[in-house]
Amino acid sequence: MFWFLLISLAVVVAAVTLAVVGSGGDGSGGAATGGLADASPDLLDEPLPSDRPVSRRDVDGLRLPVTARGYRMQQVDDILDRLGAELAERDARIAELESALAGAQAAAMGRADAYGGHREYGGHAGAGGAVERPDER
């Protein structure tokens, strides 16, 4: 009885192995011959859009593939470099706009000082509610 079970087990294992691996005549071993389909690569083609700036939705939807030892270091480094460069670019643009705003505010204050100060301190309101300049009285 033992030998019968042992031979039966060997036959079943061999049949399952042939079914999974495939015994096709072309030797490709792919799904076309009855075997398993090739696994898709575990790499992202382009994890972040290259044609526009990265948005919050892009970062929220980002899923990095996991390998046996964790994440693919090169892919994570590339993504972090891209995000760091875009943040630096946005910070520089914000600083530029804040500087331009401060310059415009200083210029506006300089014009207000030339006409006697702010609205509360210089001139008085005429009938139309507009502030009259001291030289228009």
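Predicted model only: the values in this text are computed from it and were never measured.

S.K.: So what exactly am I meant to see when it comes to the overall build of the protein chain here?
M.R.: Counting its secondary structure elements, the protein chain contains 3 helices and 2 strands. Along its sequence from the N terminus, the protein chain presents helices and strands in the succession α-α-β-β-α. The burial tally for the protein chain puts 9% of its 137 residues in the buried class. In the protein chain, the share of contacts with a sequence separation of at least 24, taken over all contacts with a separation of at least 6, comes to 31%. Put simply, the protein chain shows about 11100 Å² of open surface, and 60% of that area lies on carbon and sulfur atoms.

S.K.: Before we go on, may I ask you to explain the environment of Val54 in this structure?
M.R.: Tracing the backbone shows Val54 in the loop between helix 1 (2-21) and helix 2 (56-60). Along the sequence, Val54 and Leu83 sit 29 residues apart, while their C-alpha atoms lie 7.7 Å from each other. Beyond its immediate stretch of four places on either side in the chain, Val54 contacts Leu48, Val59, Arg82, Leu83, Glu86 and Arg90.

S.K.: Could you clarify how one ought to interpret the pattern of salt bridges in this entry?
M.R.: Between side chains of opposite charge, pairing is possible as soon as their charged atoms come close. All chains considered together, the criterion is met by 5 salt bridges. Across the salt bridge formed by Arg93 and Glu96, the nearest N and O atoms sit 2.9 Å from each other. Remark: Glu96 and Arg93 occur in helix 3 (residues 73-114); sequence separation between them is 3 residues, near one turn of the helix. On the basis of relative accessibility, which here comes to 44%, the residue Arg93 falls in the partly exposed class. Accessibility expressed as a relative area gives 47% for Glu96, which makes it partly exposed. One connected set of salt bridges, linked through shared partners, spans Arg82, Glu86 and Arg90.

Criteria and thresholds
Residues numbered from 1 in each chain as written. Predicted model: local features only at pLDDT ≥ 70, side-chain atom pairs only at ≥ 80, totals over all residues. Heavy atoms only, no water. Helix = DSSP H or I, 4+ residues; strand = E, 2+ residues; numbered from the N terminus. Buried < 20%, exposed > 50% of the residue type's maximum accessible area, 1.4 Å probe, protein only. Contact = heavy atoms within 4.5 Å. Areas by Shrake-Rupley, 256 points an atom, 1.4 Å probe, with all protein chains shown as cover. Salt bridge = Lys/Arg side-chain N within 4 Å of Asp/Glu carboxyl O.

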